[in-house]
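If you want the building blocks of each chain, they are given just below.
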Amino acid sequence: MSLPLGFRQLGRVEYEPTWHAMQRFTDTRGADTPDEVWLLEHSPVFTQGQAGKAEHVLFAGDIPVVQVDRGGQVTYHGPGQLVAYLLLDVRRSGIGVRELVSRIERSLIDLLASYGVNATAKPDAPGVYVDGAKIASLGLRIRNGRSFHGLALNVDMDLQPFQRINPCGYAGMAMTQLADQVEGSIDISDVSARLREQLGKHLDYPQQQTLAGVMDC
């Protein structure tokens, strides 16, 4: 793959403007547009996927619920969770969507292994798990052969809002985070750097570049 993979570090951003920026990027990109990954955190928000059922939101309270165009059911985003939006030309890469999901999961598993955490994937429930508890969620949308949305890795956050929903449509699903799996403090910027390395390797991009941390909102 000759085009480099560009990474944008966006910091903490609101969900809806970021989502609409992803849509615009995907709808306006050309055949030679390089792929990008946006690394960020969100303010507290529940997002409900296309197949989402209202009954899986048990009590939203003061946290907004946004209906979005990714796959899957409801999940939560908040500070201390590392989100990576994968703006990839899947058709150009020559891999299928299932293979893309597997490569994303392997990237997360290897990242967690670098902290000494043994994680696994489940063939019937996309995401990454530690001892049966979910530590990372995946939700993609493919439009005209291009992906947007992506992954969310629980790093060091308030997990209580997950109790207000059935995460990914599973009642009582246990959730965990990296900070609860290791001793000492966790720096989310270090996690972000390790995720960048693993995505570049598993998605087979020999060249990477750092892009200005801004987007067209």
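You'll find the chain entered in an unreviewed UniProt entry as Octanoyltransferase, with Pseudomonas leptonychotis given as the organism. UniProt, in its Pathway (unreviewed entry) section for the chain, records the words "Protein modification; protein lipoylation via endogenous pathway; protein N(6)-(lipoyl)lysine from octanoyl-[acyl-carrier-protein]: step 1/2." Within the UniProt record for the chain, the comment given under Sequence similarities (unreviewed entry) is "Belongs to the LipB family."

Asks: Give me the lowdown on the packing of helix α3 (residues 97-113) against helix α4 (residues 188-202), citing residues and values where you can.
Replies: Where α3 contacts α4, the axes come no closer than 9 Å and their chain directions differ by 135°. The orientation of α3 relative to α4 falls into the category oblique. By crossing handedness, the relation of α3 to α4 is classed as right-handed. On the side of α3, the interface is formed by R103, R106, S107, L108, D110 and L111, while α4 contributes V191, R194, L195, Q198, L199, K201 and H202. Of the residues belonging to the contact of α3 with α4, the class tally is five nonpolar, three polar and five charged.

Asks: I'd like a rundown of the UniProt feature "site: Lowers pKa of active site Cys" (unreviewed entry) in the chain, residues and numbers included.
Replies: This chain's UniProt record puts "site: Lowers pKa of active site Cys" (unreviewed entry) on K134. Dropping the residues within four chain positions of it, K134 is found in contact with P126, G127, V128, Y129, N154, C168, M173, A174, M175 and T176. Here the side chain of K134 touches P126 through a polar contact of 3.3 Å, landing on its backbone oxygen.

Asks: How would you sum up the sheet that holds strand β1 (residues 5-13)? Please name residues and give values.
Replies: Ordered by their spatial adjacency, eight strands build an open sheet running β7-β8-β9-β10-β6-β2-β1-β11, and the pairing between neighbours is mixed. In this open sheet, the two strands that pair with only one neighbour each are β7 (120-122) and β11 (208-211). Across the sheet, the mean angle separating the axes of adjacent strands is 20° when strand polarity is ignored. Running over the sheet, helix α1 (residues 15-28) touches β1, β2 (36-42), β6 (81-89), β9 (133-143) and β10 (146-154) and is turned about 145° from β10. The sheet strands contacting α3 are β6, β7, β8 (125-130), β9 and β10, and the helix crosses β9 at an angle near 150°.

Asks: Tell me about the packing of aromatic side chains, and please be specific about residues and values.
Replies: Per the counting criterion, the structure on display carries four aromatic pairs. Between F25 and W38 the ring centres are 6.2 Å apart and the planes differ by 70°, which places this aromatic pair in the edge-to-face class. In this pair, F25 sits in helix α1 while W38 sits in strand β2, placing the two residues 13 residues apart along the sequence. For the pair F25 and W38, one class covers both residues: buried. Pairing Y76 with F162 gives two aromatic rings, centres 5.5 Å apart and planes at 85°, and the pair type is edge-to-face. A residue pair is termed long-range when its members are at least 10 positions apart, and Y76 in strand β5 (residues 74-77) and F162 in the loop between β10 and α4 qualify at 86 residues.

Asks: Explain the pattern of salt bridges to me, and be specific about the residues and the numbers.
Replies: Counted by the stated rule, this structure contains 14 salt bridges. In this structure, the salt-bridge partner of D27 is R143, at a minimum N-O distance of 2.9 Å. Taken as a pair, D27 in helix α1 and R143 in strand β9 lie far apart in primary sequence, 116 residues in all. For D35, the salt bridge is made with R29, and the minimal N-O distance between the two is 2.6 Å. When its relative accessible area of 8% is taken as the criterion, R29 is described as buried. Each of the salt bridges in this network shares a partner with another, and the network as a whole consists of R29, D35, D89, R92 and R146.

Asks: Account for α1, naming residues and giving values.
Replies: For α1, which comprises 14 residues, the first-to-last C-alpha distance of 20 Å matches the rise-based estimate of 20 Å (1.5 Å per residue) to within 8%. Within α1 the residues assigned to the buried category are Y15, T18, W19, A21, M22, Q23, F25 and T26.

Reading guide: rules and limits
- Residues numbered from 1 in each chain as written.
- Predicted model: local features only at pLDDT ≥ 70, side-chain atom pairs only at ≥ 80, totals over all residues.
- Heavy atoms only, no water.
- UniProt positions renumbered as here; feature names shortened; annotations may be inferred.
- Axes fitted to C-alpha atoms, helices over the stretch in contact; angles between N-to-C directions.
- Helix = DSSP H or I, 4+ residues; strand = E, 2+ residues; numbered from the N terminus.
- Parallel < 35°, antiparallel > 145°, perpendicular 65-115°, else oblique.
- Left-handed = near helix turned anticlockwise from the far one by under 90°.
- Contact = heavy atoms within 4.5 Å.
- Nonpolar A, V, L, I, M, F, W, Y, C, P; charged D, E, K, R; others polar.
- Polar contact = N/O pair within 3.5 Å; in protein donor to acceptor, adjacent residues only side chain to side chain.
- Pairing = 2+ DSSP bridges.
- Phe/Tyr/Trp six-rings, centres within 6.5 Å; stacked < 30°, edge-to-face > 60°.
- Buried < 20%, exposed > 50% of the residue type's maximum accessible area, 1.4 Å probe, protein only.
- Salt bridge = Lys/Arg side-chain N within 4 Å of Asp/Glu carboxyl O.
- Expected span 1.5 Å × (residues − 1).

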